Amino acid sequence: MQTETSPARANALPLSVVLGISFVAPVILFLGGMILCAQLVMADILGFGSAFVFTLPIWLSWVVFAPMAVLLANRFPFARAHLFRNAAIHFLVFIAICVFNWQVVGRLSEVVAKDFPLASRVPLGVKPPLGARVVVDFLTYGILICIRLAVDWSMQAKERERRALMAETHLAKARLSALRMQLHPHFLFNALNGISTLVHTDPAAADDMIANLSTLLRLSLDRTDEQEIPIRRELDFLQCYLAIEQVRYGDRLRFQAKVDPETLTAFVPALLLQPIMENAVRHGLSPQSQTVTIHLETSIKDGMLHLAVSDDGCGLPPSIDLAAEASHGIGLSNTRARLAELYGDKYSLDIRSGSSEESSTRGCIVSITLPHHTEAIL
């Protein structure tokens, strides 16, 4: 059964923090007592031992009262809930402390002063005025309560910041998961479309394509909570995808990779390269009958991971705006959104024509740059 947490318990500070706050008042009063002790010694009124004993009532009682006051503030905080009741409790406790310090500690001061030399009894033997004692006790009690409130507010602010960061992280994960899930049906429909074109003309190839698709789906759905994976695993997924496409296109599709071994442990968004490869196949190979080679290159430079996918196919038609294709195509726009969600402005994604004066083919080059890291961000 769930029970509602009381405001007092919700605002309670750890015991170690309470003791740390309680230590402040006795230390401050002790330092004040030591200043008075030094003045008495330097004025040749008392020796150090007598002066030290005389200053004990100034701070010694607060060694007990300080933890009690902070613990009381921990149990009955100055919060909106029960504010007047808690304030009344603190007021009664404060009055009790003042009475104790005036009656017990004040008389102790008189007893101690009786043993002092006659010349020093007049200024020291009189019990401190009640008003002065109340002011000292009020300032001490108030300082403790204020420190306790300041620490409490600081911890609450840090907790709110932590919760905000957690909420932001969960929101980012949700957005990334939604973007990633968009890739599954998009790719699946394209793969099924390829299978449908082979099932009657080449059943054996269709069977191979179905088997590869099954493996690919298993890889893509395995641990779908991971937003980033090592490039090594991304390449395994990519090889499976290319196997499906090569069943469909045969020797017309070739793949070459120049992978820096140091990049194999680098983390990238899951399914980062598949939509880029899919675009390379769709724009580079589909409209023509000649062989097309798709190149993948990975490298690390200046703390950044560089990925480049290029092809020597026909590329995009001249009428297609490269920037518009990167912004509106499902694959590249999805990829750009995921990179922005994960890395903010610390990434780049560029698509450009690979046209050459020595060749009639254009091809395309997609370059991605992102921070090199070997552990998942989310």
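All of these numbers come straight from a predicted model, not from anything done at the bench. (Residues numbered from 1 in each chain as written. Predicted model: local features only at pLDDT ≥ 70, side-chain atom pairs only at ≥ 80, totals over all residues. Heavy atoms only, no water.)

**What about the overall build of the protein?**
Helices and strands together make up the secondary structure of the protein, namely 13 helices and seven strands. Taking all 378 residues of the protein together, the buried fraction comes to 39%. Surface exposure of the protein reaches about 20,700 Å², of which carbon and sulfur atoms provide 63%. (Helix = DSSP H or I, 4+ residues; strand = E, 2+ residues; numbered from the N terminus. Buried < 20%, exposed > 50% of the residue type's maximum accessible area, 1.4 Å probe, protein only. Areas by Shrake-Rupley, 256 points an atom, 1.4 Å probe, with all protein chains shown as cover.)

**What about the side chain of Asn86?**
Among the secondary structure elements, Asn86 is positioned in helix H6 (residues 83-114). If near-sequence neighbours (up to four positions away) are discounted, Asn86 is found in contact with Phe76, Pro77 and Ala81. (Contact = heavy atoms within 4.5 Å.)

**Brief notes about the sheet that holds strand E2 (residues 253-259)**
Spatially, the five strands line up as an open sheet ordered E2-E4-E5-E7-E6, and their pairing is mixed. The outermost strands of the open sheet, each flanked by one partner alone, are E2 and strand E6 (348-353). In this sheet, adjacent strand axes meet at a mean angle of 10 degrees when their direction is disregarded. With respect to the sheet, helix H11 (residues 274-284) is in contact with E2, strand E4 (292-301), strand E5 (304-311) and strand E7 (364-371), its orientation differing from that of E4 by roughly 150 degrees. (Pairing = 2+ DSSP bridges. Axes fitted to C-alpha atoms, helices over the stretch in contact; angles between N-to-C directions.)

**Focus: the packing of aromatic side chains**
This model, assessed by the stated rule, comprises four aromatic pairs. Considering the side-chain rings of Trp62 and Phe65, the 5.8 Å spacing of their centres and the 80 degrees angle between planes classify their relative orientation as edge-to-face. Of this pair, Trp62 and Phe65 both sit in helix H5 (residues 62-75), three residues apart, roughly one helical turn. Comparing Trp62 with Phe65 shows no difference in burial state: the two are buried. Judged by centre distance (5.4 Å) and plane angle (90 degrees), the ring pair of Phe65 and Phe100 falls under edge-to-face. With Phe65 in helix H5 and Phe100 in helix H6, the pair connects residues that are 35 residues apart, well separated along the chain. (Phe/Tyr/Trp six-rings, centres within 6.5 Å; stacked < 30°, edge-to-face > 60°.)

**Brief notes about the nonpolar core**
Among the nonpolar cores identified, the biggest contains 44 residues, and Leu238, Leu272, Leu273, Leu307, Leu339, Ile368 and Leu370 are the most heavily contacted of them. In terms of residues, this core owes the most to one element, helix H10 (residues 231-249), which gives nine residues. Beyond its immediate chain neighbours, meaning those up to four positions away, Ile368 contacts Leu272, Ile276, Leu305, His306, Leu307, Leu339, Ser348 and Leu349. By size, the runner-up hydrophobic cluster in this structure holds 22 residues, among which are Val18, Ala25, Ala73 and Ile145. (Core = buried A, V, L, I, M, F, W, Y, C linked by side-chain atoms within 4.5 Å.)

**Thoughts on helix H2 (residues 15-22)**
Listed as buried for H2 are Val18, Ile21 and Ser22. Along H2, the residues classed as buried sweep out an arc of 100 degrees about the axis, all on the same side. (Arc of directions from axis to C-beta.)

**Some thoughts on unusual backbone geometry**
Notably, Asp302 is not glycine yet its phi reads approximately 55 degrees, a positive angle. Looking at the element boundaries, Asp302 is found in the loop between E4 and E5. Owing to a relative accessible area of 72%, Asp302 belongs among the exposed residues under this scheme.

**Topic: the confidence of the model for the protein**
For the protein, the average pLDDT comes to 76, and 75% of its residues sit at 70 or higher. The weakest mean pLDDT in the protein belongs to helix H1 (residues 7-10) at 42; the strongest belongs to E5 at 94. For the stretch residues 1-10, pLDDT sits under 50, and the model shows six contacts to residues farther than four places along the chain or on other chains. Predicted confidence is poor over residues 121-126, with pLDDT under 50, and the contacts of this stretch with residues over four places away or in other chains come to 13 contacts. (pLDDT = per-residue confidence, 0-100.)

**Re the packing of H10 against H11**
One way to put it is that H10 packs onto H11 with a least axis distance of 10 Å and a crossing angle of 25 degrees. The angle between the axes of H10 and H11 places the two elements in the roughly parallel class. Viewed along their axes, H10 and H11 form a crossing whose handedness is right-handed. Contact residues: Glu234, Phe237, Leu238, Tyr241, Glu245 and Tyr249 in H10; Gln274, Met277, Glu278 and Val281 in H11. (Parallel < 35°, antiparallel > 145°, perpendicular 65-115°, else oblique. Left-handed = near helix turned anticlockwise from the far one by under 90°.)

**Brief notes about the pairing of E7**
Strand residues, when the strand is regular, have side chains that alternate between the two faces of the sheet. Burial analysis of E7 places seven of its eight residues in the buried class, which makes it a mostly covered element. Sheet analysis places E5 next to E7, joined by seven bridges and oriented antiparallel. Residue pairing across strands places Val309 opposite Val366, the latter belonging to E7. With six bridges connecting them, E6 and E7 associate as antiparallel partners. Its bridge partner lying in E7, Ile351 is registered against Val366.

**What about the environment of Gly250?**
Counting through the fold element by element, Gly250 comes out in the loop between H10 and E2. Classification of Gly250 by relative accessible area gives partly exposed; the value is 29%. In the structure, Gly250 is positioned 41 residues away from Thr291 in sequence and 9.5 Å away in space, judged by C-alpha atoms.

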